[in-house]
Amino acid sequence: MKTLDRDLKSIQEARDLIEKAKNDQRILARMNQDQIDKICEAICKCGIENSKELAKMAIDETGFGIYEDKIIKNIFASKTVFEYIKNMKTVGIINNDKCNKVVEVAVPVGIIAALIPSTNPTSTVIYKALISLKSANSIIFSPHPGAKKCIVETVSRIKEAAVEAGMPSECINVMNTLTIEGTNELMKHKDVSLILATGGEAMVKAAYSSGNPAIGVGPGNGPAFIEKSADIHLAVKRIISSKTFDNGTICASEQSIIVEKEIEKLTIEELKNQGAYFLDDEEKEKIEKFILRSNGSMNPKIVGKSVQHIADMVGLDIPKETKVILARESMVGKNIPLSREKLCPILAYYVELDWESACEKCIEILNNEGVGHTLMIHSQNEDIIKEFALKKPVSRILINTPGSIGGIGGSTNIPPSLTLGCGAVGGSSTSDNVTPMNLINIRRVAYGVRELEDIRECAEFMNENKKKDICLEDKEFEQFSEYITQKVFEKLGI
């Protein structure tokens with residue numbers, strides 16, 4: 001008997017998993033909040049208990065990042081995310097506004113297709129499983145081929161824990177035969193309700209072109225601006241700790257430093273004191289040629305690698321205690337490697353005359369790559385912080401905190417998440433740090449509170465006051481509001 005070709009086998013596997021997920025998601029959707037929360041708690045505990053082993057598997061398979069930091073990410077995806085979502089109402093009636101007579105009912109979207117990257121493989125699986133099950137959705141994972149083993153193993157372990165806690169068995173599954181055709185079938189299938197796409201720019205674009213709703217995360221490339229009022233020692237400490245965390249594999253990590261001319265020397269001195277190595281012109285040229293490939297994409301050999309490993313590949317002689325590599329830059333562009341996203345401990349270093357020109361440089365960097373994602377500011381000047389907040393085309397502006405940990409909600413109080421929306425400006429459907437609330441629809445039950453004749457009376461009131469098509473003055477608006485309120489109260493018998 002002839003066996004199916006690999007691409008056809010992959011397509012059939014996607015269809016089979018979707019059918020199973022569809023049937024069991026219907027059962028999941030009938031569960032109450034307590035039952036759902038019990039399943040999520042089991043996933044959380046499993047993630048914590050297996051955090052070390054899964055971190056080692058990820059490092060061994062991908063070669064990206066740092067073992068100890070992978071453990072932290074697994075615990076963050078398990079415990080921190082669960083603690084944030086555990087009291088959320090995501091099933092049944094989630095809000096009853098008795099005053100306005102509107103009831104809100106949570107409706108799960110259905111089947112979620114989750115694309116998983118190789119940079120944060122195990123932690124992203126745990127996180128996406130938690131937010132999907134919390135919102136009563138089933139989830140099918142499509143692994144990056146370079147991290148298939150650790151992703152499949154993570155799925156297997158959390159699925160076992162969830163089933164023991166009462167989850168219908170086919171609400172968590174994973175693709176094993178990996179082909180582009182199979183992933184496309186998963187994304188485009190009519191029964192898939194939503195795609196959670198985390199990974200490269202091409203993959204995210206494919207998700208948005210699938211014909212199904214998608215929440216995608218494009219590239220980072222966040223600039224870090226050190227304004228002259230900042231505590232320079234602390235700002236440098238935070239940037240270096242962020243850029244070296246898991247060797248820079250989190251997309252919210254800093255990609256460039258912008259400083260004002262007035263503090264240039266102080267900042268350089270502080271950076272060197274804390275382990276930064278500045279490239280000379282010859283070294284800079286070497287690293288530029290290595291990190292940017294001829295097709296305009298970043299060389300994957302640098303991703304998640306240590307400074308020393310990168311230096312050895314490029315042929316640079318740097319001090320052993322070096323933590324990050326910096327190179328002075330003034331230009332921005334697709335063909336300017338250092339101005340791009342570099343998921344490793346390499347940073348561009350820009351010097352601008354003042355905060356206004358620094359502001360413009362940040363916008364230029366973001367518009368070149370990473371628009372809609374994240375920006376860091378180190379400053380004590382609230383007026384300047386406000387100006388940045390009003391002008392920057394990003395979804396997260398992080399103040400006096402490491403970008404990598406601040407962006408995902410570790411060192412800040414924004415929602416803990418490993419899927420960071422880039423908003424419309426970044427081609428994303430949301431600017432949120434994605435939570436279970438992004439994975440439900442809300443059905444609104446609205447009771448009538450006024451009749452058509454009430455609305456007609458309001459229109460007559462407007463005509464009588466000759467304010468049609470123009471704004472009411474404050475006093476008249478107050479009178480108008482009182483009139484409407486009284487009419488509504490009369491109808492309600494209040």
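First, a word on what this report is: a plain description of the structure on this page. Fair warning: this is a prediction, and the values are worked out from it, not measured in the lab.

## Observations concerning the overall build of the protein
Part 1 of the reasoning: When helices and strands are counted, the protein shows 17 helices and 15 strands.
Part 2 of the reasoning: Its C-alpha atoms give the protein a radius of gyration of 26 Å, within 12% of the compact-globule value 23 Å for 494 residues.
Part 3 of the reasoning: If you line up the protein on its principal axes, its C-alpha atoms span 80 × 75 × 35 Å.
Part 4 of the reasoning: Taking all 494 residues of the protein together, 56% fall into the buried category.
Part 5 of the reasoning: Of all intrachain contacts in the protein linking residues separated by at least 6 positions in sequence, the fraction that spans at least 24 positions is 73%.
Part 6 of the reasoning: Counting every atom, the protein has about 22,600 Å² of accessible surface; 51% of that belongs to carbon and sulfur.

## Some words on the nonpolar core
When a protein is soluble and globular, its nonpolar side chains tend to lie buried together.
Part 1 of the reasoning: Of all hydrophobic cores here, the largest spans 55 residues; its most connected members are Leu28, Ile39, Ile43, Leu133, Phe141 and Ile172.
Part 2 of the reasoning: Counting residues per element, the ones that place at least two in this core are α2 (33-49), α4 (67-85), β3 (111-116), α5 (121-134), β4 (138-143), α6 (148-164), β5 (172-174) and β6 (194-198).
Part 3 of the reasoning: For isoleucine 172, the residues in contact, after removing those within four places along its chain, are Ile43, Leu133, Ile139, Phe141, Val155, Lys159, Ala162 and Met167.

## Quick word on the packing of aromatic side chains
Part 1 of the reasoning: This structure, assessed with the given rule, holds 3 aromatic pairs.
Part 2 of the reasoning: Ring geometry for phenylalanine 278 and tyrosine 349: centres 5.3 Å apart, planes at 85°, overall edge-to-face. Of this pair, phenylalanine 278 sits in strand β10 (residues 276-278) while tyrosine 349 sits in strand β12 (residues 346-352), and the two are 71 residues apart along the sequence. We note that phenylalanine 278, like tyrosine 349, is buried.
Part 3 of the reasoning: Ring centres 6.4 Å apart and planes at 40° place the aromatic pair tryptophan 355 and phenylalanine 388 in the tilted group.

## A look at the environment of lysine 361
Part 1 of the reasoning: The residue lysine 361 is located in helix α13 (residues 355-368) in this model.
Part 2 of the reasoning: Taking relative accessible area as the criterion, lysine 361 reaches 10% and is therefore assigned buried.
Part 3 of the reasoning: Sequence spacing of lysine 361 and valine 259 is 102 residues, and the spatial spacing of their C-alpha atoms is 10 Å.
Part 4 of the reasoning: Sequence-distant contacts of lysine 361, that is, excluding residues within four places in its chain, are made with Ile258, Ser330, Val332, Tyr350 and Glu352.
Part 5 of the reasoning: Among the polar contacts listed, one links the side chain of lysine 361 to the backbone oxygen of serine 330, at a separation of 2.9 Å.

## Considering the sheet that holds β6
Strand pairs in the sheet, formed through backbone hydrogen bonds, run parallel or antiparallel to each other.
Part 1 of the reasoning: The strand order β5-β4-β3-β6-β7 describes an open sheet built from 5 strands, whose pairing is parallel. A single partner strand is all that each edge strand has here, and the edge strands are β5 and β7 (214-217). For this sheet the average axis-to-axis angle between neighbouring strands, irrespective of direction, equals 15°.
Part 2 of the reasoning: Strand direction decides the pairing type here: β3 and β4, joined by 6 bridges, are parallel. Its bridge partner being in β4, leucine 115 is matched across the sheet by serine 142.
Part 3 of the reasoning: Strand contacts of α6: β3, β4 and β5, with the helix running at about 160° to β5, the strand carrying the most contacts.

## A closer look at the sheet that holds strand β8 (residues 222-226)
Part 1 of the reasoning: Taken together, 7 strands build an open sheet; the order of strands is β10-β11-β12-β9-β8-β13-β14 and the sheet is parallel. Of all strands in the sheet, those bounded by a partner on one side alone are β10 and β14 (394-399). Taking the axes of each pair of neighbouring strands and ignoring which way they run, one obtains an average angle of 25° across the sheet.
Part 2 of the reasoning: Bridging between strand β9 (residues 254-260) and β12 involves 5 bridges; their strand directions are parallel. Looking at the pairing, valine 259 lines up with valine 351 of β12.
Part 3 of the reasoning: Across the sheet, helix α9 (residues 232-244) is in contact with β8, β9, β11 (324-328), β12 and β13 (372-378); its angle to β9 comes to roughly 165°.

## Considering the packing of α2 against α5
Part 1 of the reasoning: At a closest axis distance of 9 Å, the pairing of α2 and α5 adopts a crossing angle of 170°. By the angle class used here, α2 and α5 are roughly antiparallel. Here α2 contributes Gln33, Ile36, Asp37, Ile39, Cys40, Ile43, Cys44 and Gly47 to the contact with α5, which in turn contributes Ile126, Ala129, Leu130, Leu133 and Lys134.
Part 2 of the reasoning: Here the residues of the contact of α2 with α5 sort into 9 nonpolar, 2 polar and 2 charged.

## Notes on the pairing of β13
Part 1 of the reasoning: In terms of residue burial, β13 counts as a mostly covered element, since 7 of its 7 residues are buried.
Part 2 of the reasoning: In the sheet, β13 pairs with β14 via 5 bridges, with the strands oriented parallel. Its bridge partner being in β14, threonine 374 is matched across the sheet by arginine 396.
Part 3 of the reasoning: The parallel pair β13 and β14 is bridged by helix α14 (residues 382-391), and the resulting crossover is right-handed.

## Observations concerning the side chain of glutamate 270
Part 1 of the reasoning: In this fold, glutamate 270 is placed in helix α10 (residues 264-273).
Part 2 of the reasoning: Here glutamate 270 occupies a buried position and makes no salt bridge, while the nearest side chain of opposite charge, lysine 323, is found at 9.8 Å.
Part 3 of the reasoning: Those residues within four positions of glutamate 270 in sequence are excluded, and the remaining contacts are Ile232, His233 and Val236.

## What about the packing of helix α3 (residues 51-62) against α6?
Part 1 of the reasoning: Orientation of α3 relative to α6, taken along the N-to-C sense of each, is 160°, at an axis distance of 8 Å. Taken as axis vectors, α3 and α6 run roughly antiparallel relative to one another. Contact residues: α3 offers Glu53, Leu54, Met57, Ala58 and Glu61, while α6 offers Lys148, Lys149, Cys150, Glu153, Thr154 and Arg157.

## Remarks on unusual backbone geometry
Part 1 of the reasoning: At aspartate 246, a position not held by glycine, the phi torsion is positive, near 50°.
Part 2 of the reasoning: Checked against the element boundaries, aspartate 246 lands in the loop between α9 and β9.
Part 3 of the reasoning: Among the residues examined, aspartate 246 registers a relative accessible area of 0% and is labelled buried.
Part 4 of the reasoning: With phi around 55°, asparagine 247 is a residue other than glycine that occupies positive phi space.

## Description of the pairing of β6
Part 1 of the reasoning: Among the 5 residues that make up β6, 5 are buried, leaving the element largely enclosed by the rest of the structure.
Part 2 of the reasoning: Burial along β6 is two-sided: the face carrying Leu194, Leu196 and Thr198 and the face carrying Ile195 and Ala197 are both buried.
Part 3 of the reasoning: Two elements, β3 and β6, share 4 bridges in a ladder whose sense is parallel. Of the residues in β6, the one forming a bridge with isoleucine 112 is leucine 194.
Part 4 of the reasoning: Here β6 pairs with β7 via 4 bridges, running parallel. When the sheet's bridge partners are listed, leucine 196 is paired in β7 with isoleucine 215.

Thresholds applied
- Residues numbered from 1 in each chain as written.
- Predicted model: local features only at pLDDT ≥ 70, side-chain atom pairs only at ≥ 80, totals over all residues.
- Heavy atoms only, no water.
- Helix = DSSP H or I, 4+ residues; strand = E, 2+ residues; numbered from the N terminus.
- Rg over C-alpha atoms; globule rule 2.2 N^0.38 Å.
- Buried < 20%, exposed > 50% of the residue type's maximum accessible area, 1.4 Å probe, protein only.
- Contact = heavy atoms within 4.5 Å.
- Areas by Shrake-Rupley, 256 points an atom, 1.4 Å probe, with all protein chains shown as cover.
- Core = buried A, V, L, I, M, F, W, Y, C linked by side-chain atoms within 4.5 Å.
- Phe/Tyr/Trp six-rings, centres within 6.5 Å; stacked < 30°, edge-to-face > 60°.
- Polar contact = N/O pair within 3.5 Å; in protein donor to acceptor, adjacent residues only side chain to side chain.
- Pairing = 2+ DSSP bridges.
- Axes fitted to C-alpha atoms, helices over the stretch in contact; angles between N-to-C directions.
- Parallel < 35°, antiparallel > 145°, perpendicular 65-115°, else oblique.
- Nonpolar A, V, L, I, M, F, W, Y, C, P; charged D, E, K, R; others polar.
- Right-handed = clockwise from strand over helix to strand, strands pointing away.
- Lys, Arg positive; Asp, Glu negative; His and termini not counted.
- Salt bridge = Lys/Arg side-chain N within 4 Å of Asp/Glu carboxyl O.

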